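Notes for the structure review
Here is how the chains run, residue by residue.
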Amino acid sequence: MTDELDELLAQWNRWDSAEEEHTTVSAAQRAKWTQEMVSLNNAAYEFYALNQYDSAVPLYSKAYHIAVKLGDTEQQAEYKYWEGHCHRLMEHLREGLACLLELDCLNSNPPERLHGLIDQIIIAIRIPISLRNIQALIRRCRDDTERFGLQASRSMLLSVEYTLAYYRKDFVTELSRAQEALSTYEVSAYPGFDIYCHYVDMIDAFLDNGDRLNAEHWLGKLEAVETRYEASKELILLSFKRRLALMDGDHKAAWNYAQRYYHKAREAESSPYGGLKQLAEAGIECRHRLETGQAVWELLSKHRNSENGHRRYAIRRLAGDYYRAMSQRATSPMDEGGKETAFYRRYEDSFRKNAMLARRYYEHALKVGQFIDERLCCDWHEKEIRERLRSLE
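Residues numbered from 1 in each chain as written. Predicted model: local features only at pLDDT ≥ 70, side-chain atom pairs only at ≥ 80, totals over all residues. Heavy atoms only, no water.

Assigned secondary structure in the chain consists of 17 helices and zero strands. Residues counted as buried form 46% of the 393 residues belonging to the chain. Taking all contacts inside the chain whose residues are at least 6 apart in sequence as the whole, residues at least 24 apart take part in 63%. About 20,900 Å² of surface is accessible on the chain, with carbon and sulfur atoms providing 50% of the total. (Helix = DSSP H or I, 4+ residues; strand = E, 2+ residues; numbered from the N terminus. Buried < 20%, exposed > 50% of the residue type's maximum accessible area, 1.4 Å probe, protein only. Contact = heavy atoms within 4.5 Å. Areas by Shrake-Rupley, 256 points an atom, 1.4 Å probe, with all protein chains shown as cover.)

Written out as structure tokens, the structure reads:
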């Protein structure tokens, strides 16, 4: 009996030893995974801070999958949010939205969930989805802000409402929301959002409302403020200065600012769409044929199928504007003697072809514009394009 008991105890000890070894391996593996997850997160954030979102996304995705292995739903939510946030910043709207929608199924904390909702609203405005659904998301954010005491994020939510008003060309509401957002700003909890962003909104709103004096006042504040977005700030300043130059009718200065914006954006490998759009707009305004044509064609070849509905509209409208300008390059088909100029006769077919191309791109822009107008309950896109089409008659 004693021998049997000793043998049994020995067997139990062997089992206990095996269990301890297994537990030790599991703990070691978990520690290894945790260390790898933290390293991935740190590396991803470094890329994020450098605006290299395409490099940050796969790292956040890997960190998320390790969190799944660990069963850590809180970390899963964090990494899934940052993955979606980076997709949104790269204008990968569908992928970004897919990531952000997963937050509702994960154990995300209230601030993270609120920031995810804010990013969802930004994407919803850019696609855009229906105004009713956008407003429902905004109400949900307001409720969460109050329920969880997240006042530090309120200024960002107001800034999103400013953006919605901007895209609807509701300039009174745009200015009101920009001012309210600035007045409520303390230190934003939303990633990468600082006082600089509010100054940009204020300048945009005052320019849209034709208030040059106040726009210049806030432009001075923007030039003086320190921000982690110094490279972006330089581009924004050039954009605003171009708009002010156009208000003065100084097309030469406007063109110079647009060129500087374009080249700086290329050097920084950032804002390729923004740089091309600035160059195309200024080139059309200032009659710079070659550079404008190159910018328009690059926009059409690289960005025409953007998931951002506002970009799709702007690109087609700009293409129409470019060809309309080319069709009107002859100031008059008659010389002083009342006869058609030799220049006009020589290039008449070219002028007519450009007018046809302008009409085609305007008609494409009209379809996109009507889609946006329907979603956002406005009508300015259709009015803008129909006015241009009438100018071709």
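Before going further, it helps to spend a moment on helix H10 (residues 212-224). Its 13 residues give H10 an end-to-end C-alpha distance of 19 Å, which sits within 8% of 18 Å, the value for a rise of 1.5 Å per residue. When H10 is considered as a whole, its buried residues turn out to be Ala215, Trp218, Leu219 and Leu222. For H10, the angular spread of the buried residues around the axis is 115°, confining them to a single face. Exposed positions of H10 whose direction lies more than 90 degrees from the buried face are Leu213 and Ala224. In the core, the buried residues of H10 are packed alongside helix H8 (171-184), helix H9 (195-208) and helix H11 (230-247). (Expected span 1.5 Å × (residues − 1). Arc of directions from axis to C-beta.)

For the rest of this paragraph, the subject is H9. A rise of 1.5 Å per residue sets the reference length of H9, with its 14 residues, at 20 Å; its end C-alpha atoms lie 20 Å apart and thus fit the reference within 8%. Among the 14 residues of H9, 13 are classified as buried, and the element is accordingly described as predominantly covered. Once H9 ends, the next one or two residues include Gly210, with phi positive near 75°.

On to the environment of Glu102, then. Mapped onto the elements, Glu102 comes out in the loop between helix H4 (93-101) and helix H5 (110-126). Residue classification places Glu102 among the partly exposed positions, given a relative accessible area of 31%. For the pair Glu102 and Gly84, spaced 18 residues apart in the sequence, the C-alpha separation amounts to 9.6 Å. Discounting chain neighbours no more than four positions away, the residues touching Glu102 are Tyr64 and Lys80.

Across residues other than glycine, the phi torsion is negative in most instances, and most of the peptide bonds are trans. Cis rather than trans, the peptide bond between Ile127 and Pro128 has omega equal to -15°. Relative to the helices and strands, Pro128 is located in the loop between H5 and helix H6 (131-147). Positive phi, normally seen in glycine, also occurs at Lys169, with a value near 60°. One can find Lys169 in the loop between helix H7 (154-168) and H8.

For the rest of this paragraph, the subject is the packing of aromatic side chains. Following the criterion strictly, the structure yields 12 aromatic pairs and no others. Measuring from ring centre to ring centre gives 5.0 Å for Tyr322 and Tyr323, while their planes differ by 65°; the resulting arrangement is edge-to-face. Ring pairs connect the aromatic residues Tyr45, Tyr48, Tyr53, Tyr60, Tyr81 and Trp82, which therefore count as one cluster. The ring centre of Tyr64 lies 4.1 Å from the NZ or CZ of Lys80, which sits over that ring. (Phe/Tyr/Trp six-rings, centres within 6.5 Å; stacked < 30°, edge-to-face > 60°. Lys NZ or Arg CZ within 6 Å of the ring centre and 35° of its normal.)

Counting 79 residues, the largest nonpolar core has Ile121, Ile134, Ile203 and Leu222 as the members making the most contacts within it. Aside from chain neighbours lying at most four places away, what touches Ile134 is Ile121, Ala124, Ile125, Ile129, Leu164 and Leu376. Of all hydrophobic cores here, the second largest spans 24 residues; its members include Leu40, Tyr48, Tyr64 and Cys86. (Core = buried A, V, L, I, M, F, W, Y, C linked by side-chain atoms within 4.5 Å.)

This paragraph deals with the pattern of salt bridges. Proximity of charged atoms lets side chains of opposite charge pair with each other. This structure, assessed with the given rule, holds 27 salt bridges. In this structure, Glu102 engages Lys80 in a salt bridge whose closest nitrogen and oxygen atoms are separated by 3.9 Å. One end of the pair, Glu102, is in the loop between H4 and H5; the other, Lys80, is in helix H3 (residues 73-89), and 22 residues separate them in sequence. A salt bridge links Arg375 to Glu374, with the nearest nitrogen and oxygen atoms 3.7 Å apart. Among the charged side chains, a salt-bridge network with shared partners connects Arg242, Lys277, Glu281, Glu285, Arg317, Asp321, Glu384 and Arg388. (Salt bridge = Lys/Arg side-chain N within 4 Å of Asp/Glu carboxyl O.)

With that settled, consider the environment of Tyr162. Here Tyr162 lies in helix H7. It is 9.3 Å that separates the C-alpha atoms of Tyr162 and Gln179, two residues lying 17 residues apart in sequence. Once residues lying within four places of it in the same chain are set aside, the contact partners of Tyr162 are Glu174, Arg177, Ala178, Asp201, Asp204 and Ala205.

The next subject is the side chain of Glu112. Secondary-structure assignment places Glu112 in helix H5. With no salt bridge to any partner, buried Glu112 finds its closest opposite charge in Arg113, at an N-O distance of 8.2 Å. (Lys, Arg positive; Asp, Glu negative; His and termini not counted.)

Contact geometry of H6 with H7 gives a least axis separation of 10 Å together with a crossing angle of 165°. The angle between H6 and H7 places the two elements in the roughly antiparallel class. In this structure, H6 crosses over H7, and the sense of that crossing is left-handed. Residues Leu131, Ile134, Ile138, Cys141, Arg142 and Thr145 of H6 lie in contact with H7, whose contacting residues are Arg154, Leu157, Glu161, Leu164 and Arg168. Split into classes, the residues belonging to the contact of H6 with H7 amount to six nonpolar, one polar and four charged. (Axes fitted to C-alpha atoms, helices over the stretch in contact; angles between N-to-C directions. Parallel < 35°, antiparallel > 145°, perpendicular 65-115°, else oblique. Left-handed = near helix turned anticlockwise from the far one by under 90°. Nonpolar A, V, L, I, M, F, W, Y, C, P; charged D, E, K, R; others polar.)

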